[in-house]
Amino acid sequence: MRIIDLSLAIEPNEHDPMTTTIEWIDHGTGGDMLGRPAGLDRSAFPDSLGLSLEIVHTTTHVGTHVDAPAHYGPLCEGRPARTIDELPLEWFFADGVVIDCRDPSFGDTIGPAELETKLAAIGHQLSPGEIVLLMTGADRLWGTAEYFRKFRGVGREGTAWLVEAGIRVIGIDTFGFDPPFETMLAAYKASGRREFLWPSHIYGREREYCQIERLANLDAIPVPYGFKVVCFPIKVQRAGAGWSRVVAIVS
Ligand SMILES: [Zn+2]
């Protein structure tokens, strides 16, 4: 059995529109903090060292994370949209399929024709409940300004095609699941049509699905299917997303 890490860390990045700060508190300072309620400081601890800790200030949408229906809107399928802590865990431990979307010849947006063609090429038919991972190769740019601005996103039609095939969890190795913000904004400004803004996310108000954003290392999975994906989201109370240490398990 091999376990392949498909996750990016939660870490500060100067180009990330979502600011993350991590305060690393060392063992000495941690000892002062722990001892304070009892009137002690670090000198009371063995070796004058207490316990370290980190204080993280960030959003639920940094690092590799799972978006829940509640992120997309207050309602989904006419009912209150489920938050990340309310979703069935069965969704997040299932057979995986990698679809290679690194070839840009299908255009900027990933749609049904590309998905159908690529699945036929690997000889796989989707089964309900599988976790589909879309590999664009954008994770190679992680940390650069380009990572946040230039990537292939999924269109509403592509998302609907997968969800209608019974897929509940769709992952991608880009900053966001939809096309880049600048692309959506330009299309919206040119047409005035609001359906250009976050079309896949907004589709999630009609049909329930989760997306994993900011995956990495999908090219390290040696087979396009026949492996398991584990992507349990961290249980953040009433949250629209949760961080996840996503892995592929190959036997
Ligand atoms: Zn997100």
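One structure accompanies this document, and this report is about it. (Residues numbered from 1 in each chain as written. Predicted model: local features only at pLDDT ≥ 70, side-chain atom pairs only at ≥ 80, totals over all residues. Heavy atoms only, no water.)

We now examine the side chain of Asp16. Residue placement: Asp16 occurs in the loop between β1 (2–5) and β2 (21–25). For Asp16, a relative accessible area of 7% gives the class buried. Apart from the residues within four sequence positions on either side, Asp16 is in contact with Val62, Trp142, Phe148, Phe175 and Arg214. (Helix = DSSP H or I, 4+ residues; strand = E, 2+ residues; numbered from the N terminus. Buried < 20%, exposed > 50% of the residue type's maximum accessible area, 1.4 Å probe, protein only. Contact = heavy atoms within 4.5 Å.)

With respect to the helices and strands, Pro37 occurs in the loop between α1 (27–35) and β3 (53–57). Residues Pro37 and Ile110, 73 residues apart in the sequence, show an inter-C-alpha distance of 56 Å.

Among the structural elements, Glu157 can be located in helix α4 (residues 156–164). Note on Glu157: relative accessible area 52%, which makes it exposed. Placed 95 residues apart in sequence, Glu157 and Val62 show a C-alpha to C-alpha distance of 26 Å.

Right, let's talk about the coordination of the zinc ion for a bit. For a metal bound by four donors in tetrahedral geometry, the ideal donor-metal-donor angle is 109.5 degrees, whereas six donors in octahedral geometry ideally sit at 90 or 180 degrees. Here the zinc ion is held by His61 (ND1), His65 (NE2), Asp67 (OD) and Glu213 (OE), and the distances to it run 2.1 to 2.3 Å. Coordination at the zinc ion comes from four donor atoms whose angles at the metal span 84 to 168°, giving a geometry best classed as irregular. Linear spacing of the donor residues for the zinc ion on their chain is H-x3-H-x1-D-x145-E. Of the two residues, His61 sits in the loop between β3 and β4 (65–67) while Glu213 sits in strand β12 (residues 210–213), which places them 152 residues apart along the sequence. Under the relative-accessibility criterion, His61 is labelled buried at 13%. The exposure class of Glu213 is buried, given its relative accessible area of 5%. (Donors = N, O, S within 2.8 Å, 3.2 Å for Na, K, Ca; no water. Tetrahedral: all angles 85-135°; square planar, octahedral: opposite > 155°, others 65-115°.)

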